[in-house]
Protein chains: 2
Amino acid sequence: MEKQLKADVRGLLGRLPMFAAVDGEALDRIAASVTEHRLARGDVLFRQNSPCTGFYVVVHGQMKLAVTAPNGNEKVLEIIPAHMSFGEAVMFLGRPFPVTAEALTDSLILGVPRDPVQDLIDSDKLFARKMLAGLSLRLHSLVKDVEGYALRSSTQRLIGYLLREAGDDAAGPVEIDLPTSKQVLASRLSVTPETFSRILHNLSADGLVEVDGKTIRVANLARLRDHEA
Amino acid sequence: MEKQLKADVRGLLGRLPMFAAVDGEALDRIAASVTEHRLARGDVLFRQNSPCTGFYVVVHGQMKLAVTAPNGNEKVLEIIPAHMSFGEAVMFLGRPFPVTAEALTDSLILGVPRDPVQDLIDSDKLFARKMLAGLSLRLHSLVKDVEGYALRSSTQRLIGYLLREAGDDAAGPVEIDLPTSKQVLASRLSVTPETFSRILHNLSADGLVEVDGKTIRVANLARLRDHEA
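Residues numbered from 1 in each chain as written. Chains lettered and ligands numbered in written order. Predicted model: local features only at pLDDT ≥ 70, side-chain atom pairs only at ≥ 80, totals over all residues. Heavy atoms only, no water.

1. A few points about the packing of aromatic side chains
All names here are of chain B. Per the counting criterion, the structure on display carries twelve aromatic pairs over all chains. Ring geometry for Phe46 versus Phe97: centroids 3.5 Å apart, planes at 10°, classification stacked. With Phe46 in strand S2 (residues 44-46) and Phe97 in the loop between helix H3 (88-93) and strand S7 (100-103), the pair connects residues that are 51 residues apart, well separated along the chain. Using a relative accessible area of 6% as the deciding quantity, one classes Phe46 as buried. (Phe/Tyr/Trp six-rings, centres within 6.5 Å; stacked < 30°, edge-to-face > 60°. Helix = DSSP H or I, 4+ residues; strand = E, 2+ residues; numbered from the N terminus. Buried < 20%, exposed > 50% of the residue type's maximum accessible area, 1.4 Å probe, protein only.)

2. Comments concerning unusual backbone geometry
Residues and elements named next belong to chain B. The backbone of Asn49 shows a phi angle near 80°, a positive value even though the residue is not glycine. Tracing the backbone shows Asn49 in the loop between S2 and strand S3 (54-60). Unlike most non-glycine residues, His83 shows phi in positive territory, near 75°. You can call His83 partly exposed: its relative accessible area is 47%.

3. Considerations on the packing of helix H5 (residues 125-166) of chain A against helix H7 (residues 193-205) of chain A
Residues and elements named next belong to chain A. Closest axis-to-axis distance for the H5/H7 pair is 10 Å, and the angle between their directions is 75°. Looking at the two axes, H5 sits roughly perpendicular to H7. Taking contact as the criterion, the partners of Glu147, Leu151, Ser154, Thr155, Leu158 and Ile159 in H5 are, on H7, Thr195, Phe196, Arg198, Ile199, Leu200, Asn202 and Leu203. Looking at side-chain class alone, the contact of H5 with H7 contains seven nonpolar, four polar and two charged residues. (Axes fitted to C-alpha atoms, helices over the stretch in contact; angles between N-to-C directions. Parallel < 35°, antiparallel > 145°, perpendicular 65-115°, else oblique. Contact = heavy atoms within 4.5 Å. Nonpolar A, V, L, I, M, F, W, Y, C, P; charged D, E, K, R; others polar.)

4. Concerning the sheet that holds strand S11 (residues 215-218) of chain A
Residue and element names in this part refer to chain A. With antiparallel pairing, three strands are arranged side by side in an open sheet as S9-S11-S10. Lying at the two open borders of the sheet, with one neighbouring strand each, are strand S9 (174-177) and strand S10 (210-212). Sheet twist, expressed as the average angle between the axes of neighbouring strands with direction ignored, equals 20°. Where S9 meets S11, four bridges bridge the pair, whose relative direction is antiparallel. Bridging across to S11, Val174 finds its partner in Val218. (Pairing = 2+ DSSP bridges.)

5. Re the sheet that holds strand S1 (residues 35-39) of chain B
Residue and element names in this part refer to chain B. In spatial order, the strands read S1-S8-S3-S6; together these four strands make up an open sheet with antiparallel pairing. Strand pairing shows two members of the sheet lacking a second neighbour, S1 and strand S6 (85-86), which therefore form its edges. Pairing between S3 and strand S8 (residues 107-113): six bridges, direction antiparallel. The partner of Val58 across the bridge, within S8, is Ile109. Packing against the sheet, helix H4 (residues 114-123) makes contact with S3 and S8, and its axis sits at approximately 40° to S8.

6. A few points about the pairing of strand S4 (residues 63-68) of chain B
All names here are of chain B. With respect to burial, S4 is a largely interior element, five of its six residues being buried. Alignment of S4 against strand S5 (residues 74-80), held across six bridges, turns out to be antiparallel. Note on S5: the bridge partner recorded for Ala66 is Val76. In this antiparallel pair of consecutive strands, S4 and S5, the connection spans five residues, and Gly72 shows a positive phi of 90°. Across four bridges, the pairing between S4 and S7 is antiparallel. Within S7, the residue paired with Ala66 across the bridge is Thr100.

7. Re the relation of the copies chain B and chain A
Mapping chain B onto chain A calls for a rotation angle of 180° and an axial translation of 0.1 Å; the resulting RMSD is 0.1 Å. Read as a symmetry element, the transformation amounts to a two-fold axis. In this assembly the copies share their binding face: 100% of the residues contributing to the interface of chain B also contribute to that of chain A. (Least-squares fit on C-alpha atoms with pLDDT ≥ 70 in both.)

8. A few points about the domain arrangement of chain A
Assigned domains of chain A: these are domain 1 (3-150) and domain 2 (153-228). Taking only C-alpha atoms, the centre of domain 1 of chain A and the centre of domain 2 of chain A are 44 Å apart. (Domains from an automatic or database assignment.)

9. Points about the nonpolar core
The nonpolar side chains of a soluble globular protein tend to be buried, and buried together. In terms of nonpolar packing, the biggest core is built from 103 residues, with Leu13 and Phe19 of chain A together with Leu13 and Phe19 of chain B touching the most fellow members. When neighbours within four sequence positions are excluded, Phe19 of chain A is seen to be in contact with Leu13, Gly14, Leu27, Ile30, Phe55, Val117, Phe127 and Met131 of chain A. (Core = buried A, V, L, I, M, F, W, Y, C linked by side-chain atoms within 4.5 Å.)

10. A short note on the layout of surface pockets
If you add up the space inside the largest pocket, you get close to 1,300 Å³. Broken down by secondary-structure element, the contributors of at least two residues to the lining of the largest pocket are H5 and H7 of chain A together with S5, S7 and helix H5 (125-166) of chain B. Considering each element in turn, the lining of the largest pocket owes the most residues, twelve residues, to H5 of chain A. Of the residues contributing to the lining of the largest pocket, the split by class is 21 nonpolar, 16 polar and twelve charged. (1 Å grid on protein atoms, 1.4 Å probe; cavity = no way out; pocket = protein on both sides within 12 Å on 5 of 7 lines; lining within 4 Å. Points joined across faces, edges and corners; volume = space filled by probe spheres on them.)

11. Regarding the interface of chain B and chain A
Taken residue by residue, the interface counts 39 residues in chain B and 39 residues in chain A. Each partner contributes to the roughly 3,700 Å² buried at the junction of chain B and chain A, and carbon and sulfur atoms together form 72% of this total. Summed over the shared surface of chain B and chain A, the result is one salt bridge. Of the charged contacts, one joins Lys125 of chain B and Asp122 of chain A as a salt bridge, the two residues approaching to 4.0 Å between their closest N and O atoms. Elements represented by at least two residues in the side of chain B that touches chain A include exactly S5, S6, H3, H4, H5 and helix H7 (193-205) of chain B. The leading source of residues in the side of chain B that touches chain A is H5 of chain B, at 20 residues. Taken together, the residues of the side of chain B that touches chain A sort by class into 23 nonpolar, five polar and eleven charged. (Buried area = accessible area lost by both parts, 1.4 Å probe. Salt bridge = Lys/Arg side-chain N within 4 Å of Asp/Glu carboxyl O.)

12. Describing the pattern of salt bridges
It is possible for side chains bearing opposite charge to pair when their charged atoms get close. Tallied over the full model, the rule gives 21 salt bridges over all chains. Across the pair Glu175 of chain B and Arg217 of chain B runs a salt bridge, and its minimum N-O distance is 2.8 Å. With Glu175 of chain B in strand S9 (residues 174-177) and Arg217 of chain B in strand S11 (residues 215-218), this pair connects stretches of sequence that are 42 residues apart. Looking at Arg217 of chain B, the relative accessible area reads 28%, which means it is partly exposed. Across the pair Arg217 of chain B and Glu210 of chain B runs a salt bridge whose closest N-O atoms are separated by 3.6 Å. Via salt bridges that share partners, Glu175, Glu210, Asp212 and Arg217 of chain A belong to a single interconnected network.

Pasting the structure below:
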């Protein structure tokens, strides 16, 4: 392995959620055992049903994880970009790979063998806890991201509803009387009543709407139209 | 604890990513030790800097995790909805809680004490691996969700660009000559060149555009306008 890459291996491993809370010595032991795989576009790293003796990290390039149905059709399950790992759940469960991994572009992949990771889990009680902590933290931040996206599109749906009710040409100010209970309207917009209330609260805090019982006042329709566009 | 809730506790725990791959006997041991907390809106479950002896799961309601700055301002870091856990990373790291947890609505919370989880990690080698596998699997599915959202909004940006270039009134068919390299355009739209190519590929597979070098043909602008709306 080239010097440059060797120096980067620890950095790459340390940025994986699994190892983010793990200390340097443990990472050094794992880094010392990684293997390097240079793939051209179309090269297969492992095939569906082959045994799993470790997991992989994309240094650069993109890997496609796909299954082949009995009729020969391929279904792409995941595309793994640079700096992400794959195969770790399968490794921990001790199962064969359920997918085929193929390079979508020229790619450099690190292989992290199971044994040193397993040895550390068995010998160092803190190691497993730190891996669990790192994964939990990343999971929370991803849930927040997904929630942010979902809230943003719910907000867009609610704004879309208000604009339709106001009439497309109006500039405001307008008053919109909700024709039904907030509960029913929330369900029509495919949001929970809690999300519906939170969105109205946020829009009102941003000065975009004024909520008065079942009446919603919009001072400036153009501003509402531009919001979250 | 009421009978009904007791029956649900195992189901709730089993749906947490951390325990999704864990087997029934281990879950039974953990479920037997959970505590129940009924909170009214505004009630505090734990305060910033208090010791952490376990983590929590929201059965119903919503919990707010917030920090208070020295000037007294509150910053909300996370809102935990029903069926989600919080505090697990802090528990694994053995640190005090970095946030205050307050009920946003009337809430029912389960407390999962650290000790039975810790005992299982120490006594059963497979237990930690199964927790790591469950968290890794959930993480992959969340990354896919986030990527899906991100790709969707990149697609919206690219469509917006094409519509602006086509002129708002046109109905199509139109030919749009990219004024610059795809690389530069990708960067202007804040996507990676790989994502840019993937979006053009998807739009072309959906029959919305035809890509011919630097020329993009759109047969039906209205269809493009409606796509991903």
